[in-house]
Amino acid sequence: MRVFILSLIVMTGFAERLAAQTSEAYQKLAAIAHIEQKHMVPMRDGIRLATDIYRPKTDAPVAIILSRTPYQMNGWVDGEERTRSYERALPWVEAGYAYVEQNERGRYFSEGDWDILGVPVTDGPDAFDWLIAQPWSNGNIGLLGCSSTAEWQMAVAAEGHPALKAIVPQGYGAGVGRVGKFYEQGNWFRGGAQQMLFTSWLYSVQHDPMAPRLEAGLAREDILRLQRFHDMAPEYPSVDWVEGFKTLPAADILTAQNGPSGIYEDMIARTPNDPAWYRGGLYHDDMPFGVPAFWFTSWYDVSISPNLALFNHVRANAEPATVREDQYLVIAPTLHCAYTRAIENTIVGERSVGDARLDYQEQIEAFFDEHLKGLSPKQRPRVQYYTMGENAWHTSET
């Protein structure tokens, strides 16, 4: 009996600590959603992608908002529940959608090898097939995300999967391979020269192929248990890039920092028109495009020029003509992916650009409601753009 009482005290203490670690976002989400983490979704080659699903507690089928990412989406880090995924999911579940996050192949709990935008484009349609086969799905999928969660959207849209009804790419420049006069191949080049931002970014995100990884084929229940104390995230020592960027040849920059091995060494050896850029997930202007899209860009982003060129290209070339008319654009005065951080006095660097707020969630939700739920369309400007100095939003048809 004494052992039982002691065990009960220990268990009660654990429950109290666990409750204290649970975020407000998680508590709100758990009240209205089924939370299903680490489904291992199979691709056609047998590789499985870790997938977290947050869906409303309803018997009616629901539409799906999918965000596929190379970044950490684990709900448990350092033994504590973290909130970012739950905060992203909450407004979409409240709006009646299933919100799904999926790690790209080779990232964290997903199996296989990661190759930035060179992973098979077929991973997208394979994920769509699995999702719409679920009994709670209404068969309609929309894609949402910024930067790396946006850059795969255009190439997969070119695949023409019937379940993909709309996309919302934000800060999507590294997904644009060639469009018009721009041959940046995913922002890797500027005028034929390598952009160093990609060098430092890959230092901090690429997973060394020799690093420890989970064995393939683990059962979902084991992965759910492991995620509580293994987040699979490497730690990268800080680097003085002012000095690091001076390394020559450029192919040796990461090696000189004792950084992770990976795809950098392959990408740095390519020319701007290397055939390798045309395999995998980059979108090029000879590819089809037939999906309604709500594009989000920002003036203070390295990719603003090819981003706008791609919008104009789709407006002129998408098929059918109804899709050409179903393209919309926002140009905000913010840094990369900082749309929702615009406030009454938005600061970029040391510059105040004024009140740059916009009703992002409401506009995106209305766009998805139209295409994924079949609700009546709402009028929106073709282009919404912000003028610095004047510090005002304007609208235009072009």
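Right above here is the structure, for reference.
Quick summary incoming for the structure in this document. A quick note: this is a predicted structure, and the numbers were derived from the prediction, not measured. (Residues numbered from 1 in each chain as written. Predicted model: local features only at pLDDT ≥ 70, side-chain atom pairs only at ≥ 80, totals over all residues. Heavy atoms only, no water.)

### Considering the overall build of the protein
Along its length, the protein carries 13 helices and 18 strands. Over its C-alpha atoms the protein spans a radius of gyration of 22 Å, differing by no more than 12% from the 21 Å that the globule rule assigns to 398 residues. For the protein, the spread of C-alpha atoms along the principal axes amounts to about 80 × 55 × 45 Å. Here the protein holds 398 residues, and 51% of them are scored as buried. Excluding contacts between residues fewer than 6 apart, the proportion of contacts in the protein whose partners are at least 24 apart in sequence is 71%. (Helix = DSSP H or I, 4+ residues; strand = E, 2+ residues; numbered from the N terminus. Rg over C-alpha atoms; globule rule 2.2 N^0.38 Å. Buried < 20%, exposed > 50% of the residue type's maximum accessible area, 1.4 Å probe, protein only. Contact = heavy atoms within 4.5 Å.)

### Here we look at the side chain of S148
Summarising the element assignment, S148 is placed in the loop between β7 (137-146) and α5 (153-157). By relative accessible area, which is 7% here, S148 ends up buried. Beyond its immediate stretch of four places on either side in the chain, S148 contacts R68, P70, Y71, E104 and W201.

### Description of the pairing of strand β2 (residues 48-56)
Summarising burial for β2: 9 of the 9 residues are buried, a large majority. Going residue by residue along β2, you find R48, A50, D52, Y54 and P56 tucked away on one face and L49, T51, I53 and R55 tucked away on the opposite face as well. As paired elements, strand β1 (residues 33-42) and β2 share 8 bridges and run antiparallel to each other. Looking across to β2, one finds that V41 is bridged to L49. Hairpin geometry of β1 and β2 is characterised by an intervening segment of 5 residues between the two adjacent antiparallel strands and by a positive phi of about 95° at G46. (Pairing = 2+ DSSP bridges.)

### Looking at the pattern of salt bridges
The tally for this structure, following the rule as stated, stands at 23 salt bridges. Taking the shortest distance from any N to any O, the salt bridge between K246 and E243 comes out at 3.1 Å. (Salt bridge = Lys/Arg side-chain N within 4 Å of Asp/Glu carboxyl O.)

### Focus: the state of the cysteines
With the rule as written, the count across this model stands at 1 disulfide. Here C146 is linked by a disulfide to C337, with a sulfur-sulfur distance of 1.9 Å. Since a negative S-S torsion denotes a left-handed disulfide, the C146-C337 link at about -100° is left-handed. Remark: C337 occurs in the loop between β14 (327-335) and β15 (346-348) and C146 occurs in strand β7; sequence separation between them is 191 residues. You can call C337 partly exposed: its relative accessible area is 21%. (Disulfide = S-S within 2.5 Å.)

### Describing the packing of helix α2 (residues 24-32) against helix α3 (residues 84-94)
Between α2 and α3, whose axes approach to 9 Å, the crossing angle comes to 35°. Remark: the crossing between α2 and α3 carries left-handed chirality. Contact residues: A25, Y26, K28, L29 and I32 in α2; Y86, E87, A89, L90, V93 and E94 in α3. Residue composition of the contact of α2 with α3, by class: 8 nonpolar, no polar and 3 charged. (Axes fitted to C-alpha atoms, helices over the stretch in contact; angles between N-to-C directions. Left-handed = near helix turned anticlockwise from the far one by under 90°. Nonpolar A, V, L, I, M, F, W, Y, C, P; charged D, E, K, R; others polar.)

### Things to note about the nonpolar core
If you look at the biggest cluster of nonpolar residues, it comprises 38 residues, and the most contacted ones within it are L66, I141, L143, L164, F289, W295 and L310. The biggest single contributor to this core is helix α11 (residues 304-317), with 4 residues. With residues up to four places along the chain from it excluded, the contact list for L143 reads L66, F128, W152, Q153, V156, L164, A166, I167, V168 and F368. Counting 29 residues, the second-largest nonpolar core is a separate cluster that includes A25, V93, Y97 and A332. (Core = buried A, V, L, I, M, F, W, Y, C linked by side-chain atoms within 4.5 Å.)

### Observations concerning the sheet that holds strand β17 (residues 383-387)
Taking strand neighbours across the sheet as the criterion, the 10 strands line up as β1-β2-β6-β3-β7-β8-β13-β14-β17-β18 in an open arrangement whose pairing is mixed. Lying at the two open borders of the sheet, with one neighbouring strand each, are β1 and β18 (392-396). The sheet shows a mean angle of 20° between the axes of neighbouring strands, taken without regard to direction. Where β2 and strand β6 (residues 98-103) come together, 4 bridges link them in antiparallel fashion. Opposite I53, over in β6, you have V100 as the bridge partner. The strands that α2 touches are β1 and β2; relative to β1, the one it contacts most, it runs at about 90°. Across the sheet, α3 is in contact with β1, β2, β3 (62-69), β6 and β7; its angle to β2 comes to roughly 45°.

### Points about helix α13 (residues 360-372)
Along an α-helix, residues three or four positions apart point the same way, because every turn accommodates 3.6 residues. For α13, built from 13 residues, the straight-helix expectation of 18 Å at 1.5 Å per residue is met to within 8% by its first-to-last C-alpha distance of 18 Å. Within α13, 10 of the 13 residues are buried, which leaves the element mostly enclosed by the surrounding structure. Along α13, the positions that sit buried rather than exposed are Y360, Q363, I364, A366, F367, F368, D369, E370, H371 and L372. Of the residues flanking the end of α13, it is G374, one or two places downstream, whose phi is positive at about 75°. (Expected span 1.5 Å × (residues − 1).)

### A closer look at the side chain of T247
Inspection of the secondary structure assignment puts T247 in the loop between α8 (241-244) and α9 (253-256). The class for T247 is buried, based on a relative accessible area of 18%. A distance of 2.9 Å separates a polar side-chain atom of T247 from the backbone oxygen of G244. The contact partners of T247, leaving out residues within four places of it in the chain, are D252, I253, A256 and Q257. (Polar contact = N/O pair within 3.5 Å; in protein donor to acceptor, adjacent residues only side chain to side chain.)

### Describing unusual backbone geometry
The general pattern is negative phi for most residues beyond glycine and trans for most peptide bonds. Looking along the chain, the bond that leaves L248 and enters P249 is cis, with omega of -5°. Within the secondary structure layout, P249 lies in the loop between α8 and α9. Along the chain, E319 connects to P320 via a cis peptide bond; the corresponding omega equals 0°. Here M232, not a glycine, exhibits a phi torsion of approximately 65°, which is positive. Within the secondary structure, M232 is located in the loop between α7 (220-226) and α8.

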